[in-house]
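Observations on the three-dimensional arrangement
Chain residues, written in single-letter form:
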Amino acid sequence: MSDRKALLLDEVRKYHQDVQPDRAFEPGVTEIWPSGAMLDADDRVALVEAALDMRIAAGSYARTFESRFARKLGRRKAHLVNSGSSANLLAVTALTSEVLGERRLRPGDEVITVAAGFPTTVNPIIQNGLLPVFVDVELGTYNTTAERVAAAIGPKTRAIVLAHTLGNPYEATEIAELAREHGLFFVEDNCDAVGSTYDGRLTGTFGDLTTVSFYPAHHLTMGEGGCVLTSNLALARVVESLRDWGRDCWCAPGDSNTCLKRFKHQLGKLPAGYDHKYIYSHVGYNLKATDLQAALGLTQLAKLDEFTALRRRNWRRLREQLDGVPHLLLPEATPRSEPSWFGFVITVAPDAPFTRSQLVAFLEDRKIGTRQLFAGNLTRQPGYLNQPYRVVGDLTNSDIITEQTLWVGVYPALTEEMVDYVAATVTEFATGRA
Ligand SMILES: Cc1ncc(COP(=O)(O)O)c(C=O)c1O
């Protein structure tokens, strides 16, 4: 590293200290966000260094991130993309590839998922002309069960796409087993659960494909970003092709002739010897992320275990302090799981002497940020009223979530003092109205 660069980066480190906000917490004045990034001097230095080096496109940092992240999550391949939503789009679209032969998903095929969650877990199903089949979730864990999924499997079912809700794993062993028994693809949306385990195994290692988001609210951040992971090398190639314009060539950016027969292929109806760099085996996208994003991802990844421990600490602290508070249904970890929590979910009991809106207003007035469980029952959202779908059973709990549920933050930057204030404020509200 040049002396000038070292000097600049040293100044960046000092600058980071200068711009640190005053950390004194003032209850009712300091904003307590439901989620946010935890960024330190290493993150700032990494970003500036990548900028100084003009790492503006996807390149070696992105590849390094992909291999380190794949290793960390125990999968053979990771493909960095520009968001968790893009990751979901790629994962589901990959299942429609002709490369999969008879197993590929075709328009009208059914995909089991839940209605209560984030929209872009479901959207790629619709965007690919497949039919979402919604099952309900449980209150408390906010996940569906293997039993509900099994009941929804029919002759047209081809895949299961489920997110681990707010970090809490679903019954991933059982659902993976169901998928195996019935010859279904299984996509794990792990956007909210990086670091969680079920049966002692990391979430994201059960599905054929796994997706992750690196938006600032999530367990690791790159600002914007996401990832598709798999241990299936055929699927990995499809994901890469779809991400990179649909191309057949797998050369890294700037490289040529990795296949050693760049001008020797004959594919489709193209003339023999057509440049492999410009042969397209899929109708693809460009969903790549840049080295600038990957630089931040690398410094964040080094802190994943620390972040996980803090998320668990904050959740446990809230759970212990709120235990027994009337009129509230508190969250429960799925048996045999150890979640890396994304948020702390509270459902206001149907017979409570107050409404969710009143609780939300009380918290927000005291600068405690709240969120609802994403879309609630997606079928009630304006954009989905006229979309095709099927429901198996009913969506009673998804409706309760839409009307009675909220969540507050547990993300690593929240201090114990802040968490205690959140617990005390919720308790004050709920007991004051008993
Ligand atoms: C479960 C789940 N899946 C997918 C996404 C989409 O991720 P992104 O915002 O990076 O597109 C989110 C976003 O919060 C999410 O919670």
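Everything quoted here is computed from the prediction, not taken from an experiment. (Residues numbered from 1 in each chain as written. Predicted model: local features only at pLDDT ≥ 70, side-chain atom pairs only at ≥ 80, totals over all residues. Heavy atoms only, no water.)

Along the chain, Q300 falls in helix α9 (residues 291–301). Residue classification places Q300 among the buried residues on the basis of a relative accessible area of 1%. Looking at Q300, its side chain comes within polar contact range of the side chain of D43, at 3.2 Å. With residues up to four places along the chain from it excluded, the contact list for Q300 reads M38, L39, D43, L220, T221 and F307. (Helix = DSSP H or I, 4+ residues; strand = E, 2+ residues; numbered from the N terminus. Buried < 20%, exposed > 50% of the residue type's maximum accessible area, 1.4 Å probe, protein only. Polar contact = N/O pair within 3.5 Å; in protein donor to acceptor, adjacent residues only side chain to side chain. Contact = heavy atoms within 4.5 Å.)

The next point concerns the nonpolar core. In this structure, I32, L318, L322, L328 and F344 are the most contacted members of the largest nonpolar core, which totals 33 residues. At the level of elements, α10 (304–322), β12 (343–348), α11 (356–365), β14 (405–409) and α13 (416–432) are the ones that each hand at least two residues to this core. In contact with L322, other than residues within four places in its own chain, are L330, F344, I346, A423, V426 and T427. (Core = buried A, V, L, I, M, F, W, Y, C linked by side-chain atoms within 4.5 Å.)

Here we take up the packing of helix α2 (residues 41–52) against α9. How two helices sit against one another is set out by the angle between their axes and by the gap between those axes. At a minimum axis separation of 8 Å, α2 and α9 run at an interaxial angle of 155°. One finds that α2 runs roughly antiparallel with respect to α9. When you trace α2 past α9, the crossing you get is right-handed. Residue-level inspection shows D42, D43, A46, L47, A50 and A51 of α2 in contact with α9, the latter providing D291, L292, A295, L296, T299 and Q300. (Axes fitted to C-alpha atoms, helices over the stretch in contact; angles between N-to-C directions. Parallel < 35°, antiparallel > 145°, perpendicular 65-115°, else oblique. Left-handed = near helix turned anticlockwise from the far one by under 90°.)

Quick look at the packing of aromatic side chains now. Taken as a whole, this structure holds 15 aromatic pairs when the rule is applied. Ring centres of F134 and Y389 lie 5.5 Å apart, and the angle between their planes is 55°; on these two criteria the pair is classed as tilted. Highlighted residues: F134 in strand β3 (residues 131–135) and Y389 in the loop between α11 and β13 (390–391), separated in sequence by 255 residues. Taking relative accessible area as the criterion, F134 reaches 3% and is therefore assigned buried. Overall, Y389 belongs to the partly exposed group, its relative accessible area being 34%. Pairing Y198 with F206 gives two aromatic rings, centres 6.3 Å apart and planes at 65°, and the pair type is edge-to-face. Overall, the relative accessible area of 1% leaves Y198 in the buried class. Among the aromatic side chains, those forming a connected cluster through ring pairs are F118, F342, F374 and W407. (Phe/Tyr/Trp six-rings, centres within 6.5 Å; stacked < 30°, edge-to-face > 60°.)

The complete set of buried residues in helix α7 (residues 172–182) reads A172, I175, A176, L178 and A179. For α7, the angular spread of buried residues about the axis comes to 155°, placing them on one side. Of the exposed residues in α7, the ones pointing more than 90 degrees away from its buried face are R180 and E181. Contacts from the buried residues of α7 go to α6 (146–152), β4 (157–163), β5 (185–189) and β6 (197–198). Just beyond α7, the residue with positive phi is G183, at close to 65°. (Arc of directions from axis to C-beta.)

This part takes up the pattern of salt bridges. Following the criterion strictly, the structure yields 27 salt bridges and no others. D42 is the partner of R13 in a salt bridge, and the nearest nitrogen-oxygen pair spans 3.0 Å. A residue pair is termed long-range when its members are at least 10 positions apart, and R13 in helix α1 (residues 3–18) and D42 in helix α2 qualify at 29 residues. Take R13: its relative accessible area is 34%, and that puts it in the partly exposed class. The partner of D305 in a salt bridge is K72, with the nearest N and O atoms 3.1 Å apart. (Salt bridge = Lys/Arg side-chain N within 4 Å of Asp/Glu carboxyl O.)

By secondary structure assignment, the location of T173 is in helix α7. Overall, the relative accessible area of 31% leaves T173 in the partly exposed class. When the C-alpha atoms of T173 and R201 are compared, they prove to be 9.2 Å apart, with 28 residues separating the residues in sequence. Non-local contacts of T173, meaning those with residues more than four positions away in its chain, are made with Y198, D199 and F206.

Next up on the list: the environment of I153. Tracing the backbone shows I153 in the loop between α6 and β4. Sequence separation between I153 and Y278 is 125 residues, and the spatial gap between their C-alpha atoms is 41 Å.

For the rest of this paragraph, the subject is the site of the ligand. The environment of the ligand is formed by 16 residues, the closest being G84, S85, D189, D192 and S213. A distance of 2.7 Å separates an oxygen atom of the ligand from a polar side-chain atom of S213. Within the side chain of H218, a nitrogen or oxygen atom sits 3.0 Å from an oxygen atom of the ligand. For the ligand, whose unbound accessible area comes to 390 Å², protein coverage reaches 91%. Looking at the shell around the ligand, the elements that each hand over two or more residues are α4 (84–94) and α5 (119–127). The element contributing the most residues to the shell around the ligand is α4, with three residues. Each residue belonging to the shell around the ligand can be placed in one class, and the counts come to five nonpolar, nine polar and two charged. (Near = heavy atom within 4 Å. Areas by Shrake-Rupley, 256 points an atom, 1.4 Å probe, with all protein chains shown as cover. Nonpolar A, V, L, I, M, F, W, Y, C, P; charged D, E, K, R; others polar.)

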